[in-house]
Number of protein chains: 2
Amino acid sequence: MRNLLLTIRYLGTAYSGWQVQENAPSVQQTLQDAVEKLFTVRENIVGCSRTDAGVHANMYCCNIRTQSLLPCETVVKGLNAYLPSDIAVVSCQEVDYDFHARYSCEGKEYVYLIHNSQIRDPFLENRCWNYKKHIDADFLNKQAQSFCGEHDFKAFCSAGSSVQSTVRTVKSFKVERSGDNIIMSVQANGFLYNMVRIMVGTLTDIIMGRIAPDTIESIIESCDRTNAGITAPAQGLYLNKVFYKSNT
Amino acid sequence: MRNLLLTIRYLGTAYSGWQVQENAPSVQQTLQDAVEKLFTVRENIVGCSRTDAGVHANMYCCNIRTQSLLPCETVVKGLNAYLPSDIAVVSCQEVDYDFHARYSCEGKEYVYLIHNSQIRDPFLENRCWNYKKHIDADFLNKQAQSFCGEHDFKAFCSAGSSVQSTVRTVKSFKVERSGDNIIMSVQANGFLYNMVRIMVGTLTDIIMGRIAPDTIESIIESCDRTNAGITAPAQGLYLNKVFYKSNT
């Protein structure tokens with residue numbers, strides 16, 4: 001048995017998320033269909049995380065344990081031939097048999113894209129949150145530093161999650177402006193359900209005056225979801241990087 | 001009567017081009033429909049140029065002679081409320097009555113985007129030409145300098161054009177690499193039918209070995225379309241800037 005680590009990239013607009021769901025197209029299902037055509041056998045694919053409906057991935061990792069002997073280069077070309085144009089396999093490499101895309105993962109980076117303008121950008125439709133009120137990126141960047149470190153992020157987790165612990169370590173949170181776009185990049189050892197979207201929504205609620213500045217620490221400490229901000233729309237969110245031990 | 005100069009931006013994928021056509025959605029028609037709803041009267045809209053089906057515009061200019069007294073800010077907001085998400089009005093300003101988006105135009109800049117990779121980019125679907133063979137941007141940039149200056153570009157004009165003169169002045173032609181993307185920017189006082197796409201296709205035919213290097217001058221001199229290269233796909237082309245006299 002070989003264990004193949006696939007890196008893929010996808011525009012999430014047409015999908016209900018990564019995870020296979022009944023009656024809704026998912027990225028996992030679409031990839032499994034392509035794998036079945038290429039390998040002529042149905043294989044289970046293990047993803048690095050669920051992503052929500054409409055969320056995108058610049059880099060998503062998954063692994064397949066398979067008896068297929070196809071060379072990695074052929075796997076990339078073959079899957080891309082069978083996949084629709086909104087999903088692409090970027091790379092394939094053989095890894096240790098015990099590598100697991102989810103459990104071996106040591107951290108991830110998400111990017112959230114806000115188009116901060118009165119006027120929508122036709123080229124960013126479904127790819128950003130069009131936010132009209134002016135955002136001071138430097139100010140929000142300072143506010144966001146309160147997220148960094150090891151905390152119980154229960155206040156930043158949507159209901160419906162079944163995780164054992166809500167403690168996570170945020171390694172960095174950057175808010176930058178590039179022209180009319182605000183780019184937020186968050187690295188953590190793991191993320192709770194909707195955690196990035198609630199962190200982004202909390203920052204924009206500070207801009208809107210619905211949440212007072214310099215209160216993120218106390219919101220975290222409260223462990224109460226109702227103290228945090230709105231859940232920012234899915235379409236601005238990108239899984240950007242997935243980190244594994246360097247020997248993968 | 002007022003004369004309003006509108007600057008718009010559009011993703012051309014869903015349209016047969018700028019110009020109104022029977023039985024095919026056009027940008028002009030879509031904009032005229034929005035104007036009719038806002039102004040409650042049908043107005044003729046004069047565009048700066050035709051664009052082909054599938055071609056995009058980062059900046060497109062058009063003007064409307066109208067009796068409407070709506071303030072420019074209201075025109076922008078109102079039209080954006082009526083337009084579909086793939087077209088946006090970026091600005092509106094009142095200009096001299098004799099200003100004409102096409103005849104007053106002194107030059108334009110087109111950008112052509114090539115994704116130069118074995119693997120397609122899901123985020124650039126319908127927004128680039130995915131070209132697999134490696135392109136040496138510096139080499140092509142040197143080749144492209146032969147386009148600059150005043151020439152008869154008849155060899156770079158598709159059949160079906162009815163222009164009187166095929167002489168144009170190319171002011172600049174830049175070919176640059178940014179990661180896996182090749183960005184070609186061309187400025188000229190005017191462009192013939194399919195001129196940018198044939199220039200791009202001629203450059204890539206040099207990469208493919210179908211056209212010898214250092215022959216662009218002689219292709220121009222031949223005035224023979226069959227000596228030039230293929231017509232590069234429409235989806236990589238963007239009208240990027242439109243130049244008017246500064247007093248507009």
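Residues numbered from 1 in each chain as written. Chains lettered and ligands numbered in written order. Predicted model: local features only at pLDDT ≥ 70, side-chain atom pairs only at ≥ 80, totals over all residues. Heavy atoms only, no water.

**Things to note about the overall build of chain A**
No. 1: Scanning chain A from N- to C-terminus turns up five helices and 10 strands.
No. 2: For a compact globule of 248 residues, the expected C-alpha radius of gyration is about 18 Å, and chain A comes in at 19 Å, within 12% of that figure.
No. 3: Residues counted as buried form 55% of the 248 residues belonging to chain A.
No. 4: Long-range contacts, defined as pairs at least 24 residues apart, comprise 71% of the intrachain contacts of chain A with a sequence gap of at least 6.
No. 5: By element, 46% of the accessible surface of chain A is carried by carbon and sulfur atoms, the whole surface being about 11,200 Å².
No. 6: Seen as two clouds, the 24 positive and the 25 negative side-chain charges of chain A have centres 2 Å apart. (Helix = DSSP H or I, 4+ residues; strand = E, 2+ residues; numbered from the N terminus. Rg over C-alpha atoms; globule rule 2.2 N^0.38 Å. Buried < 20%, exposed > 50% of the residue type's maximum accessible area, 1.4 Å probe, protein only. Contact = heavy atoms within 4.5 Å. Areas by Shrake-Rupley, 256 points an atom, 1.4 Å probe, with all protein chains shown as cover. Lys, Arg positive; Asp, Glu negative; His and termini not counted. Charge placed at Lys NZ, Arg CZ, Asp CG, Glu CD.)

**Thoughts on the environment of Glu176 of chain A**
No. 1: Within the element layout of this structure, Glu176 of chain A appears in strand 8 (residues 167-178).
No. 2: Residues Glu176 of chain A and Pro122 of chain A, spaced 54 residues apart in sequence, show a C-alpha to C-alpha distance of 22 Å.

**Observations regarding the packing of aromatic side chains**
No. 1: For the coordinates displayed, the defined rule picks out 20 aromatic pairs over all chains.
No. 2: Residues Phe147 of chain A and Phe156 of chain A carry aromatic rings whose centres are separated by 5.3 Å and whose planes lie at 90° to one another, so their mutual orientation is edge-to-face.
No. 3: In this structure Phe156 of chain A comes out as buried when scored by relative accessible area, which is 0%.
No. 4: Measuring from ring centre to ring centre gives 5.3 Å for Phe147 of chain A and Phe173 of chain A, while their planes differ by 20°; the resulting arrangement is stacked. Of this pair, Phe147 of chain A sits in the loop between helix 3 (137-144) and strand 7 (149-152) while Phe173 of chain A sits in strand 8; the two residues are 26 residues apart in sequence, bridging distant segments of the chain. We note that Phe147 of chain A, like Phe173 of chain A, is buried.
No. 5: Three or more aromatic residues link up through ring pairs in this structure, and these residues are Phe147, Phe153, Phe156 and Phe173 of chain A.
No. 6: Between Arg65 of chain B and the ring centre of Tyr97 of chain B, over which it is positioned, the NZ or CZ distance is 4.8 Å. (Phe/Tyr/Trp six-rings, centres within 6.5 Å; stacked < 30°, edge-to-face > 60°. Lys NZ or Arg CZ within 6 Å of the ring centre and 35° of its normal.)

**Section: the nonpolar core**
No. 1: One finds Leu6, Ile8, Leu31, Leu79, Phe147, Phe156 and Met184 of chain A to be the most contacted residues of the largest nonpolar core, which totals 78 residues.
No. 2: Sort the elements by how many residues they give to this core and helix 4 (residues 195-207) of chain A lands first, with eight residues.
No. 3: Setting aside its immediate chain neighbours within four residues, Met184 of chain A contacts Tyr110, Val111, Tyr112, Ile114, Leu140, Phe173, Lys174, Val175, Val200 and Leu203 of chain A.
No. 4: Judged by nonpolar contacts, the second largest core, of 77 residues, contains Ile45, Cys48, Leu140 and Met199 of chain B. (Core = buried A, V, L, I, M, F, W, Y, C linked by side-chain atoms within 4.5 Å.)

**As for the relation of the copies chain A and chain B**
No. 1: Relative to chain B, chain A is turned by 180° and slid 0.0 Å along the rotation axis, the superposed coordinates differing by an RMSD of 0.0 Å. Accordingly, the operation relating the two chain copies is best matched by a two-fold axis. It is Phe123 of chain A whose C-alpha, among those of chain A, lies nearest the rotation axis, at 5.1 Å.
No. 2: Looking at the interface residues of chain A, 100% of them are also at the interface in chain B, so both copies use one shared face. (Least-squares fit on C-alpha atoms with pLDDT ≥ 70 in both.)

**Some details on helix 2 (residues 72-82) of chain A**
No. 1: When we look at burial in helix 2 of chain A, the residues that qualify are Cys72, Val75, Val76, Gly78, Leu79 and Asn80 of chain A.
No. 2: Along its buried surface, helix 2 of chain A packs onto strand 1 (2-10), helix 1 (27-39) and strand 4 (87-95) of chain A.

**Structural notes on the packing of helix 1 of chain A against helix 2 of chain A**
Residue and element names in this part refer to chain A.
No. 1: Running from amino to carboxyl end, helix 1 crosses helix 2 at an angle of 120°, the nearest separation of the two axes being 9 Å. On the basis of their axis angle, the class for helix 1 and helix 2 is oblique. Regarding helix 1 and helix 2, the two cross each other, and that crossing is right-handed. Across the interface between the two elements, Leu31, Ala34, Val35, Lys37, Leu38 and Phe39 from helix 1 touch Thr74, Val75, Gly78, Leu79 and Tyr82 from helix 2. (Axes fitted to C-alpha atoms, helices over the stretch in contact; angles between N-to-C directions. Parallel < 35°, antiparallel > 145°, perpendicular 65-115°, else oblique. Left-handed = near helix turned anticlockwise from the far one by under 90°.)

**Here we look at helix 1 of chain A**
Residue and element names in this part refer to chain A.
No. 1: With 13 residues, helix 1 extends 18 Å from end C-alpha to end C-alpha; this agrees with the ideal 18 Å at 1.5 Å per step.
No. 2: All of the buried residues in helix 1 are Val27, Gln28, Thr30, Leu31, Gln32, Ala34, Val35, Leu38 and Phe39.
No. 3: For helix 1, the secondary structure elements touched by its buried residues are strand 1, strand 2 (45-47), strand 3 (56-66), helix 2 and strand 4.
No. 4: Sitting at the head of helix 1, Ser26 places a side-chain oxygen 3.1 Å from the backbone nitrogen of Gln29.
No. 5: Once helix 1 ends, the next one or two residues include Thr40, with phi positive near 55°. (Expected span 1.5 Å × (residues − 1). Polar contact = N/O pair within 3.5 Å; in protein donor to acceptor, adjacent residues only side chain to side chain.)

**Concerning the interface of chain A and chain B**
No. 1: Between chain A and chain B, the residue contacts involve 24 residues of the former and 24 residues of the latter.
No. 2: In this assembly, chain A packs against chain B so that about 1,900 Å² is buried in total across both faces, 54% of it on carbon and sulfur atoms.
No. 3: Its largest share of buried area at the contact with chain B, chain A owes to Arg120, Pro122 and Phe123 of chain A, together 38% of the area lost on that side.
No. 4: At the surface where chain A touches chain B, the tally comes to two salt bridges.
No. 5: The partner of Asp121 of chain A in a salt bridge is Arg9 of chain B, with the nearest N and O atoms 2.9 Å apart.
No. 6: Applying the counting criterion to the chain A and chain B interface returns 14 residue pairs in polar contact (both at pLDDT 80 or more).
No. 7: At the level of secondary structure, the elements contributing two or more residues to the side of chain A that touches chain B comprise strand 1, strand 3, helix 2 and strand 4 of chain A.
No. 8: Per-element tally for the side of chain A that touches chain B: the top contributor is strand 4 of chain A, with four residues. (Buried area = accessible area lost by both parts, 1.4 Å probe. Salt bridge = Lys/Arg side-chain N within 4 Å of Asp/Glu carboxyl O.)

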